[in-house]
Amino acid sequence: MAAMAAELRPWLAPSAAGPVTTTVRLPGSKSMTARALILAALADGPSVIEAPLRARDTTLMAAGLRALGVAVDTSADDRWVVEPGPLRGPATVDVGLAGTIMRFLPPAAALADGPVEFDGDPHARNRPMGPILDVLRALGVRLEASPAGGLPLTVHGAGLVEGGEAVVDASGSSQFVSGLLLSAARFTKGLTLRHEGPPVPSAPHLRMTTHMLRAAGATVDESVPDVWVVEPGPLHGRTWVIEPDLSGALPFFAAAMVTGGEVTLGGWPAASWQPVEQLTELLTAFGAEVTRSAAGLTVRGAGTLRGITADLSDVSEMTPVLSALAVLADGPSELRGVEHIRGHETDRIAALAAELTKVGAGITEFRDGLRIEPAPLHGASFETYADHRMAHAAAVIGLSVPGVELTDVGCTSKTLPEFPELWAGLATER
């Protein structure tokens with residue numbers, strides 16, 4: 001925690017010198033890297049992860065797996081090797097502020113032989129975990145959680161989980177479902193998981209989980225809405241090729257839109273497991289042109305932005321940067337369907353309402369989103385709340401609003417340690 005405090009540093013967001021026209025190459029998807037690490041750790045043989053994301057969330061995940069007895073070689077930036085081994089405690093896992101670690105690793109830790117302790121950054125203790133812990137208890141796993149039902153947490157692994165049938169309310173995070181499914185093939189009876197409650201957000205992330213499970217050899221049936229069946233059986237070691245991170249690319253695409261330029265994300269695959277169709281629709285609604293070619297995924301800005309009305313439940317991770325675009329648009333926007341992001345790295349709805357108001361926008365806060373009324377904007381100190389996506393939003397606004405100072409740009413190391421340097425270079429691209 002002290003190391004994080006030492007990294008806290010104000011950062012003046014650079015203003016764009018003109019239309020941003022460039023090609024960027026970004027690290028791999030955080031979501032895909034995290035899932036590949038878990039599946040590789042539970043496999044029956046070694047795996048290779050090509051083009052992984054090396055950032056705080058993923059290196060902490062690798063460290064957590066090492067603590068459980070998995071050999072994870074991350075010495076090469078572009079090729080990680082995972083050698084599974086018997087999972088064992090006692091072990092201690094630092095989750096940082098990563099939802100993927102605090103929701104994906106406890107089900108795997110239940111398969112370990114011995115106790116596994118989880119804790120993380122101070123705000124991590126506020127992030128919801130109750131639904132996934134309730135399912136583990138219902139499946140016979142012994143664990144001890146904080147009075148609030150989350151971290152610090154100890155999972156007393158018994159070497160196996162019987163599995164069977166369980167019910168979960170995953171309306172707070174699709175990670176509650178993904179975390180259980182990723183380990184379910186190793187449960188003695190597999191898992192039949194049924195969601196009961198308001199709709200599960202971030203459906204594309206659930207599809208990524210089931211696609212990757214099948215790619216690892218699992219039998220998964222999701223033909224019945226809100227029911228997932230994973231049959232017991234081995235997961236196979238394989239080579240995972242990680243796509244560039246679409247959420248991480250969004251600020252760069254936004255730079256093209258804000259400045260009337262053109263940004264290409266190089267290395268984009270012909271077929272993707274990320275929500276590129278949903279993002280294309282949203283950026284097009286704002287007034288951008290989005291194309292795919294052999295060069296990559298390209299976004300062209302028209303120099304002006306239109307206000308939009310949108311349900312962001314499938315792409316909630318993108319809400320902060322889309323809100324920044326809405327602040328710079330020529331008409332009002334309403335962004336809804338994201339109540340669950342109140343439980344992300346920070347309460348993102350409340351945080352956005354506060355910080356966008358600081359720079360001059362007219363904001364109405366709803367339980368599940370925001371109405372954003374454009375207004376004359378001005379510089380301000382923009383609190384980032386140790387949240388990388390809040391920092392991205394501030395940086396986008398700063399391209400056209402001089403004097404936007406981020407209280408801490410170091411939080412971007414969560415998913416892209418190179419962000420400050422990349423962004424400063426981007427602002428000078430002509």
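Let us look at the structure shown here. (Residues numbered from 1 in each chain as written. Predicted model: local features only at pLDDT ≥ 70, side-chain atom pairs only at ≥ 80, totals over all residues. Heavy atoms only, no water.)

## Some remarks on the layout of surface pockets
Step number 1: Computed from the structure, the second largest pocket encloses a volume of approximately 280 Å³.
Step number 2: Residue classes in the lining of the second largest pocket are distributed as five nonpolar, five polar and four charged. (1 Å grid on protein atoms, 1.4 Å probe; cavity = no way out; pocket = protein on both sides within 12 Å on 5 of 7 lines; lining within 4 Å. Points joined across faces, edges and corners; volume = space filled by probe spheres on them. Nonpolar A, V, L, I, M, F, W, Y, C, P; charged D, E, K, R; others polar.)

## A short note on the nonpolar core
One broad trend across soluble globular proteins is that nonpolar side chains are buried collectively.
Step number 1: If you look at the biggest cluster of nonpolar residues, it comprises 75 residues, and the most contacted ones within it are Met61, Leu65, Leu105, Phe118 and Leu193.
Step number 2: Tallying contributions element by element places helix 2 (residues 30–41) first for this core, with eight residues.
Step number 3: Those residues in contact with Phe118, other than ones at most four positions away along the chain, are Val93, Val95, Leu105, Pro106, Ala109, Leu151, Pro152, Leu153 and Val155.
Step number 4: Counting 72 residues, the second-largest nonpolar core is a separate cluster that includes Leu246, Met257, Val359 and Cys411. (Core = buried A, V, L, I, M, F, W, Y, C linked by side-chain atoms within 4.5 Å. Buried < 20%, exposed > 50% of the residue type's maximum accessible area, 1.4 Å probe, protein only. Helix = DSSP H or I, 4+ residues; strand = E, 2+ residues; numbered from the N terminus. Contact = heavy atoms within 4.5 Å.)

## A word on the pattern of salt bridges
Step number 1: Evaluation of the coordinates by the stated rule reveals 24 salt bridges.
Step number 2: The closest approach of N and O atoms between Arg56 and Asp121, which form a salt bridge, is 2.9 Å. Of the two residues, Arg56 sits in helix 3 (residues 56–67) while Asp121 sits in the loop between strand 7 (113–119) and helix 5 (130–138), which places them 65 residues apart along the sequence.
Step number 3: On the basis of relative accessibility, which here comes to 24%, the residue Arg56 falls in the partly exposed class.
Step number 4: Judged by relative accessible area, which is 4%, Asp121 ranks as buried.
Step number 5: Note that Glu162 is salt-bridged to Lys189, the shortest N-O span being 2.8 Å. Of this pair, Glu162 sits in the loop between strand 9 (153–158) and strand 10 (164–168) while Lys189 is found in the loop between helix 6 (175–184) and strand 11 (191–195), placing the two residues 27 residues apart along the sequence.
Step number 6: Judged by relative accessible area, Glu162 falls into the partly exposed class, the value being 42%.
Step number 7: A network of salt bridges, in which partner residues are shared, links Lys30, Asp57, Glu317, Glu345, Arg348, Asp387, Arg389 and Lys414. (Salt bridge = Lys/Arg side-chain N within 4 Å of Asp/Glu carboxyl O.)

## With respect to empty space enclosed by the protein
Step number 1: Under the definition given, this model contains four cavities of 30 Å³ or more.
Step number 2: Computed from the structure, the largest cavity encloses a volume of approximately 420 Å³.
Step number 3: Surrounding the largest cavity, 36 residues form its lining, Lys30, Ser31, Gln175, His205 and Glu317 being those nearest its centre.
Step number 4: Taken as a whole, the second largest cavity encloses approximately 60 Å³ of empty space.
Step number 5: Along the walls of the second largest cavity sit Leu26, Pro27, Gly28, Leu53, Asp245, Gly248, Thr415 and Leu416, which together make up its complete lining.
Step number 6: Looking at the lining of the second largest cavity, its residues break down into four nonpolar, three polar and one charged.

## A short note on helix 10 (residues 319–327)
Counting along an α-helix, one turn takes 3.6 residues, and residues three or four places apart therefore face a common direction.
Step number 1: In terms of burial, helix 10 is largely enclosed, as nine of its nine residues are buried.
Step number 2: In this structure, the buried side of helix 10 is in contact with helix 8 (246–259), helix 9 (276–286), strand 19 (333–336), helix 11 (348–358), strand 21 (369–373) and helix 12 (388–398).

## A closer look at the sheet that holds strand 13 (residues 227–230)
Step number 1: Strand order in this open sheet of four strands is 10-11-13-12, and the pairing throughout is mixed. Pairing within the sheet leaves two strands with one partner each, and these edge strands are strand 10 and strand 12 (220–221).
Step number 2: Note that strand 10 and strand 11 share five bridges and pair parallel. Across the sheet, the residue bridging to Gly164 is Leu191, located in strand 11.
Step number 3: Across the face of the sheet, helix 6 comes into contact with strand 10, strand 11 and strand 13 while running at roughly 170 degrees to strand 11. (Pairing = 2+ DSSP bridges. Axes fitted to C-alpha atoms, helices over the stretch in contact; angles between N-to-C directions.)

On their own, these measurements won't tell you what the molecule is for.
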